[in-house]
Amino acid sequence: MDLRIFTEPQQGATYETLLTVAKATEDLGFDAFFRSDHYLRMGSGDGLPGPTDAWITLAGLARETERIRLGTLMTAATFRLPGVLAIQVAQVDQMSGGRVELGLGAGWFEEEHTAYGIPFPKEKFDRLEEQLAIVTGLWATEAGKTFDHDGTYYQLSDSPALPKPAQGKVPILIGGHGATRTPRLTARFADEFNMPFASIEDTERQFGRVRDAAEAAGRRADELVYSNALVVCVGKDDAEVAKRAAAIGREVDELKANGLAGSPAEVVDKIGRYAAVGASRFYLQVLDLEDLDHLELISAQVQSQLG
């Protein structure tokens, strides 16, 4: 069972804060450090000191860590041209010694596009499909050969398809609640399917759709990793849970209903219920990045019980 730390830096975090959390992630035995790819805070708060770029952050962390996997949930396809993204991810993978994973999504938060002058196209999902084809196609092109793509939104001609990642294959993550196109894209391109912020019942339903799509595409359903992203709020007692919930502006009952919250025993039990419907990896959304004691508690009393 993999437990990964998942951060939302657009809510307010410096690179130094993210580095501290990433090093704690590594020291405490978690499997990976992931971050969102957003440029504008959501909800209340001022978002200070302002956004950090996901792939610039991961490049820095690639040189400052040694073991943990590094990646995005999810890079927005609207933010980057696919050829440039393939170069960025391959370079960070080289810098990390082959520890990078790419979560790629269509992009959805229109306000951040408006705030930073990023085009927000209507045809986001079709563009995502082309991006996936281009990024994976560039990486898969044999050295010395070229890559071409004549699509609706992107055209590449005689690309040298360089650089190559350090890994033989960078794992691709696709996620979401879509009933038809998301499972189909997952079956075609992904190594992992991530179900974000969903109930056990909805997770089981969507995992089933993805498994069916994989088999329809000629893949074994168990070739894929199935994962959940869930907010985490653990305390050694009720008072500590309430304190941590208040620090992130959430209610305990809501967190218990919609995330992984409560005592270590409660969280282990709920993880087990997700595991029973097929999840083998969990992205723990940590919203208070200053509370390193929280990570220590999860490591000592949750992760330790999951083997």
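Throughout, a residue's number is its position along its own chain's written sequence, starting from 1. Two thresholds apply to this predicted model, a pLDDT of at least 70 for residue-level local features and 80 or more for giving and counting side-chain atom pairs, whereas whole-chain, interface and lining totals are computed over all residues. Note that water and hydrogens are dropped before the side-chain values are worked out from all heavy atoms of the structure.

Asks: Kindly report on the nonpolar core, identifying the contributing residues and their values.
Replies: In terms of nonpolar packing, the biggest core is built from 75 residues, with Trp55, Leu102 and Trp139 touching the most fellow members. The secondary structure listing takes helices from DSSP runs of H or I that are at least 4 residues long and strands from runs of E that are at least 2 residues long, numbered from the N terminus. No other element matches the seven residues that helix 5 (residues 124-140) contributes to this core. Those residues within four positions of Leu102 in sequence are excluded, and the remaining contacts are Trp55, Thr72, Thr75, Leu85, Val89, Val135, Trp139, Val170, Pro171, Ile172 and Leu173. Nonpolar core, defined: a set of buried Ala, Val, Leu, Ile, Met, Phe, Trp, Tyr and Cys residues in which side-chain atoms within 4.5 Å join the residues together. The rule is simple: take the accessible area with a 1.4 Å probe, protein chains only, and divide by the maximum for that residue type; under 20% is buried, over 50% is exposed, in between is partly exposed. It only takes one pair of heavy atoms within 4.5 Å for two residues to be counted as in contact.

Asks: So what's going on with the layout of surface pockets? Residues and values would help.
Replies: Take a probe with the size of a water molecule and roll it over the atoms, and the empty space left behind shows itself. In this structure, the largest pocket spans a volume of roughly 1,200 Å³. Definitions used throughout: a 1 Å grid over protein atoms alone; a cavity as a set of points that fits a 1.4 Å probe which cannot get out; a pocket as an open set with protein on both sides within 12 Å along at least five of seven lines; a lining residue as one with an atom within 4 Å of a point. Along the walls of the largest pocket sit 49 residues, with Glu8, His38, Met42, Trp108 and Phe197 positioned nearest its centre. Ranked by residue count, the leading element in the lining of the largest pocket is helix 9 (residues 252-258), at three residues. The classification used treats Ala, Val, Leu, Ile, Met, Phe, Trp, Tyr, Cys and Pro as nonpolar, Asp, Glu, Lys and Arg as charged, and all other residues, Gly among them, as polar. Of the residues belonging to the lining of the largest pocket, the class tally is 22 nonpolar, 20 polar and seven charged. Grid points are joined across faces, edges and corners, and a volume is the space filled by probe spheres set on the points. Empty space within the second largest pocket amounts to approximately 160 Å³. As for the second largest pocket, its lining consists of Ala77, Thr78, Phe79, Arg80, Leu81, Pro119, Phe120, Pro121, Arg127, Gln131 and Tyr154. The residue inventory of the lining of the second largest pocket, partitioned by class, reads seven nonpolar, two polar and two charged.

Asks: Could you give an account of unusual backbone geometry, with specific residues and numbers?
Replies: Geometrically, the link from Leu48 to Pro49 is a cis peptide bond, its omega value of 10° lying close to zero. With respect to the secondary-structure elements, Pro49 resides in the loop between strand 2 (32-35) and helix 2 (54-64). Put simply, Leu73 and Met74 share a cis peptide bond, and its omega is -25°. Among the structural elements, Met74 can be located in the loop between strand 3 (69-72) and strand 4 (75-76). Even without being glycine, Asp158 reaches a positive phi, approximately 55°.

Asks: I'd like to hear about the pattern of salt bridges, residue by residue, with values.
Replies: For this document, the term salt bridge refers to a Lys or Arg side-chain nitrogen within 4 Å of an Asp or Glu carboxyl oxygen. Overall, the coordinates contain 24 salt bridges when judged by the stated rule. A salt bridge links Glu266 to Lys256; its shortest N-O distance comes to 3.3 Å. Of the two residues, Glu266 is situated in helix 10 (residues 264-276) and Lys256 in helix 9; the sequence distance between them amounts to 10 residues. Through salt bridges with shared partners, one network takes in Arg4, Asp31, Arg69 and Glu101.

Asks: Give me the lowdown on the environment of Ala275, citing residues and values where you can.
Replies: Mapping Ala275 onto the fold places it in helix 10. What Ala275 contacts, discounting residues up to four positions off in sequence, is Met1 and Phe282.

Asks: Can you break down the packing of aromatic side chains residue by residue, with the values?
Replies: Aromatic rings from Phe, Tyr and Trp, taking only the six-membered ring of Trp, are treated as a pair when their centres fall within 6.5 Å; an angle between ring planes under 30 degrees marks them as stacked, one over 60 as edge-to-face, and anything in between as tilted. As enumerated under the stated definition, the model contains seven aromatic pairs in all. Ring geometry for Phe193 against Phe207: centres 6.2 Å apart, planes inclined by 85°, an arrangement best described as edge-to-face. In this pair, Phe193 sits in strand 9 (residues 192-196) while Phe207 sits in helix 7 (residues 200-216), placing the two residues 14 residues apart along the sequence. Here the aromatic cluster, defined as three or more aromatic residues joined through ring pairs, consists of Tyr39, Phe79 and Tyr116.

Asks: Run through the pairing of strand 1 (residues 2-7), naming residues and quoting values.
Replies: When a strand is regular, its side chains alternate between the sheet's two faces. Counting buried residues along strand 1, five of its six residues qualify, which places the element largely inside the surrounding structure. Whether two strands pair depends on DSSP finding at least two bridges between them. Pairing geometry for strand 1 and strand 12 (residues 281-286), over six bridges, is parallel. Bridged to Arg4 within strand 12 is Tyr283. Pairing between strand 1 and strand 2: four bridges, direction parallel. Residue pairing in the sheet places Arg4 in a bridge with Ala32 of strand 2. Seen with the strands pointing away from the viewer, any crossover whose path from the first strand over the helix to the second strand runs clockwise is right-handed. This β-α-β element, strand 1 to helix 1 (residues 15-27) to strand 2, shows right-handed connectivity.

Asks: Now, about the side chain of Arg281: what can you tell me, with residues and values included?
Replies: Here Arg281 is to be found in strand 12. Within 3.5 Å is the distance limit for a polar contact, defined as a pair of N or O atoms, with the added protein rule that one can donate a hydrogen and the other accept it, and that residues adjacent in sequence qualify only through two side-chain atoms. Side chain to side chain, Arg281 and Glu192 meet in a polar contact 2.6 Å long. Contacts of Arg281, omitting those with residues within four sequence positions, involve Met1, Asp2, Arg4, Glu101, Glu192, Val225, Tyr226, Ser227 and Asn228.

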